[in-house]
Amino acid sequence: MKFKKCWWKTAVIYQIYPRSFQDSNGDGIGDIKGIIRRLSYLEALGVDCIWLSPVCKSPQNDNGYDISDYQDIDPMFGTMDDMEELIKEAKNKGIGILLDLVLNHTSNEHRWFLEAKKSRKNFYHDYYVWRDGSEGDFPNDMRSVFGGTAWEWMPELQQYYFHQFSVKQPDLNWENSKVRQELYRMINWWIDKGVAGFRLDVIDQIAKDPELKVTCNGPRLHEYIQELNRETFGKDNYLTVGEAWGADTEKAKQYSNPDGSEFSMIFQFEHICLDQIEGKEKWDLAQLPFLQLKEVMEKWQKELYGMGWNSLFWNNHDLPRIVSRWGNDAEYRVESAKMLGALLHGMQGTPFIYQGEELGMTNADYELGDYQDIETKCFYKDRIAAGYSHEEVMKSIHAKSRDNARTPMQWDDSKNAGFTDGKPWMRVNSNYETINAAQQMTDEHSVFVFYQELIRLRKRYKVFVEGKFSLLCREHPEIFAYRRQSQEEKLIVICNFYGRKVQYPNPSDWKGKKLLLSNYEHSEESVLKPYEVRYYYQCCHD
Ligand code: TEU
Ligand code: CA
């Protein structure tokens, strides 16, 4: 046993999207050597682990989520030696590396697929999901997440293969035990390299059953996950987090069962899907229903208490920037970025910070031609073909494109924000001269210093990890407030979620408690300023 039981309950994770983090060789693309160079920045922030988005060999059709060799590093990112050095150097700083495992599909350039498509009799053919048919007559009407049909015709085999994502991401056939065993061998190989855990890409889609038109939560899903656990990371207390868009709280309890039979935790997306028209796509924008946000957060906090474990996140490489989304990235950028951070970090679970979130980085200020993401490009084509206007479509893209998260990291105010000496693969946000790490590391009022403090507080007071959650001011249309309570400690979190001053209805909630943290220098006691947040704390022994 290398890892202490449940060590990840006190951990804070930082997600790196390698392409956009730090370039070291001037080709305009972030790489592993670049990450190594910035480890001391992460050490200063105080995080325990890095979740590294995929760096394995890939044709980069979906920025590395299309893997052509799980046991090699893409030359764009460096070499296996670089990767080993990263693992070692990070460990020296007390930082673990979480590998992103893409087990639902491979690239169509993976050796297995190249073999599989040679003939129906090939050993690897059954590694993927095939259906007989005739050209143009699809096996059924299942759709790809990136638009269009999920079936691709292979004339040489007179068969279709199944892809939930792009045509270049054929789905693996988990029903074939050889596929599973091969993946387990690969994972154990990475375990031997000294990683601290794994993030499992779209793990709830591995047990698909096209016959039943099922992708999420297929009949054999938990059987597969438990086997995966037993054969690989279950042998020690690795941190594992499964991406599960289809999870409700009941399923989450099973995934994060304290008996350790599946994962440490999952990413669920109920809160993330609130600002879209119900039953439609993320692109179909709706106002955030604030009372519902409180309800959803409360439900997850309560239901998993003692029964499982939550991950806490606002951002990742697929999501728009939270400060632009539910904060105010103009007038109150700093205040609202801090408030949103503190709102989340006061809850029970393991917090994930996405690169640049700790700086209050904003959505991309892009024109159509600047966007690179395959999902955004497919969406634009589909909607224009469906008769939407350019303006309407661009409004959705500005709000929800995955590229909002993928603009290069803003390190300093030099050319290209210090991200690269060359031409960046994607345009740097033009606000880098005012929003950058160098400035914020020396400014005691910065978002960065505030995040440092959030991490420090979580390490210092057990109530952040253990306290039981109860919602305060339930019906209040502008205030998000809650209490965390453990045997010995109490924490009160008070947030003004909007840009107007508001009277806090029950100042007695914080009577006799110490102000631990706030995003304003002077508080007006019972009045909350725009996006104001306060932590109040009390220990029974005081
Ligand atoms: O994302 C899963 C997924 O379903 C996303 O495509 C999601 O629906 C979309 O981003 C919301 O806009 C994971 C990875 O995080 C993503 O980057 C990959 O593209 C995808 O899997 C395929 O591997
Ligand atoms: Ca590079």
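Treat the numbers as computed from the prediction; the structure is a model and nothing was measured. (Residues numbered from 1 in each chain as written. Chains lettered and ligands numbered in written order. Predicted model: local features only at pLDDT ≥ 70, side-chain atom pairs only at ≥ 80, totals over all residues. Heavy atoms only, no water.)

Quick look at the overall build of the protein now. Looking only at helices and strands, the protein has 16 helices and 20 strands in total. A compact globule built from 542 residues would reach a C-alpha radius of gyration of about 24 Å, and the protein, at 23 Å, matches this within 12%. Overall, the protein is about 75 × 50 × 45 Å in size when its C-alpha atoms are taken along their principal axes. Counted over contacts in the protein with a minimum sequence separation of 6, partners at least 24 positions apart contribute 70%. Of the roughly 21200 Å² that the protein leaves accessible, carbon and sulfur atoms contribute 47%. Side-chain charges in the protein split into 68 positive and 83 negative, and the spacing between the mean points of these groups amounts to 4 Å. (Helix = DSSP H or I, 4+ residues; strand = E, 2+ residues; numbered from the N terminus. Rg over C-alpha atoms; globule rule 2.2 N^0.38 Å. Contact = heavy atoms within 4.5 Å. Areas by Shrake-Rupley, 256 points an atom, 1.4 Å probe, with all protein chains shown as cover. Lys, Arg positive; Asp, Glu negative; His and termini not counted. Charge placed at Lys NZ, Arg CZ, Asp CG, Glu CD.)

Counting buried positions over the 5 residues of strand β10 (residues 239-243) gives 5, a clear majority of the element. Neither face of β10 is open: one carries Leu-239, Val-241 and Glu-243, the other Thr-240 and Gly-242, and all of them are buried. Looking at chain direction, strand β9 (residues 197-200) and β10 are connected through 4 bridges and run parallel. Within β10, the residue paired with Arg-199 across the bridge is Val-241. Between the parallel elements β9 and β10, the chain passes through helix α6 (residues 221-231) in a crossover that is right-handed. (Buried < 20%, exposed > 50% of the residue type's maximum accessible area, 1.4 Å probe, protein only. Pairing = 2+ DSSP bridges. Right-handed = clockwise from strand over helix to strand, strands pointing away.)

The 8 strands are arranged β11-β10-β9-β5-β2-β1-β13-β12 in an open sheet whose pairing can be described as parallel. Each edge of the open sheet carries a strand with a single partner, namely β11 (265-267) and β12 (311-312).

Next up on the list: the packing of helix α11 (residues 374-385) against helix α12 (residues 390-400). As a packed pair, α11 and α12 sit with axes 10 Å apart at the nearest point and diverge in direction by 150°. Classed by the angle they form, the pair α11 and α12 counts as roughly antiparallel. Here α11 runs over α12; the crossing is right-handed. On α12, the residues that touch Thr-376, Phe-379, Tyr-380, Arg-383 and Ile-384 of α11 are His-390, Val-393, Met-394, Ser-396 and Ile-397. (Axes fitted to C-alpha atoms, helices over the stretch in contact; angles between N-to-C directions. Parallel < 35°, antiparallel > 145°, perpendicular 65-115°, else oblique. Left-handed = near helix turned anticlockwise from the far one by under 90°.)

Turning our eyes to something else, we now look at the coordination of the calcium ion (ligand 2). Coordination of the calcium ion (ligand 2) by the protein comes from Asp-23 (OD), Asn-25 (OD1), Asp-27 (OD), Ile-29 (O) and Asp-31 (OD), over a distance range of 2.2 to 2.4 Å. Ordering the donors of the calcium ion (ligand 2) by residue number gives the pattern D-x1-N-x1-D-x1-I-x1-D. (Donors = N, O, S within 2.8 Å, 3.2 Å for Na, K, Ca; no water.)

This part takes up the sheet that holds strand β14 (residues 468-472). Pairing is antiparallel in the open sheet, where 5 strands are placed in the order β14-β15-β16-β20-β18. Lying at the two open borders of the sheet, with one neighbouring strand each, are β14 and β18 (514-518). Sheet twist, expressed as the mean angle between neighbouring strand axes with direction ignored, is 20°. The pairing of β18 with strand β20 (residues 533-539) spans 4 bridges and is antiparallel. Bridge pairing in β20 places Ser-518 opposite Arg-534. In the packing of helix α10 (residues 333-345) onto the sheet, contacts are made with β15 (479-485), β16 (489-496) and β20, and the angle to β20 comes to roughly 35°.

Summarising the element assignment, Lys-513 is placed in the loop between β17 (502-503) and β18. With relative accessibility at 16%, the residue Lys-513 sits in the buried group. Residues Lys-513 and Gly-147, 366 residues apart in the sequence, show an inter-C-alpha distance of 53 Å. When sequence neighbours within four positions are dropped, the list of residues in contact with Lys-513 reads Lys-490, Ile-492, Tyr-536, Tyr-537 and Gln-538.

To continue, consider the site of ligand 1. Looking at ligand 1, there are 17 residues lining it, with Asp-62, Asp-201, Lys-282, Asp-318 and Glu-375 nearest. Between ligand 1 and Glu-243 there is a distance of 3.3 Å, counted from an oxygen atom to a side-chain nitrogen or oxygen. Side-chain polar atom of Glu-375 to an oxygen atom of ligand 1: 2.9 Å apart, as the coordinates give it. A total of 490 Å² of accessible area belongs to ligand 1 in isolation, and the protein chains cover 94% of it. Its residues assigned to classes, the shell around ligand 1 comprises 6 nonpolar, 2 polar and 9 charged. (Near = heavy atom within 4 Å. Polar contact = N/O pair within 3.5 Å; in protein donor to acceptor, adjacent residues only side chain to side chain. Nonpolar A, V, L, I, M, F, W, Y, C, P; charged D, E, K, R; others polar.)

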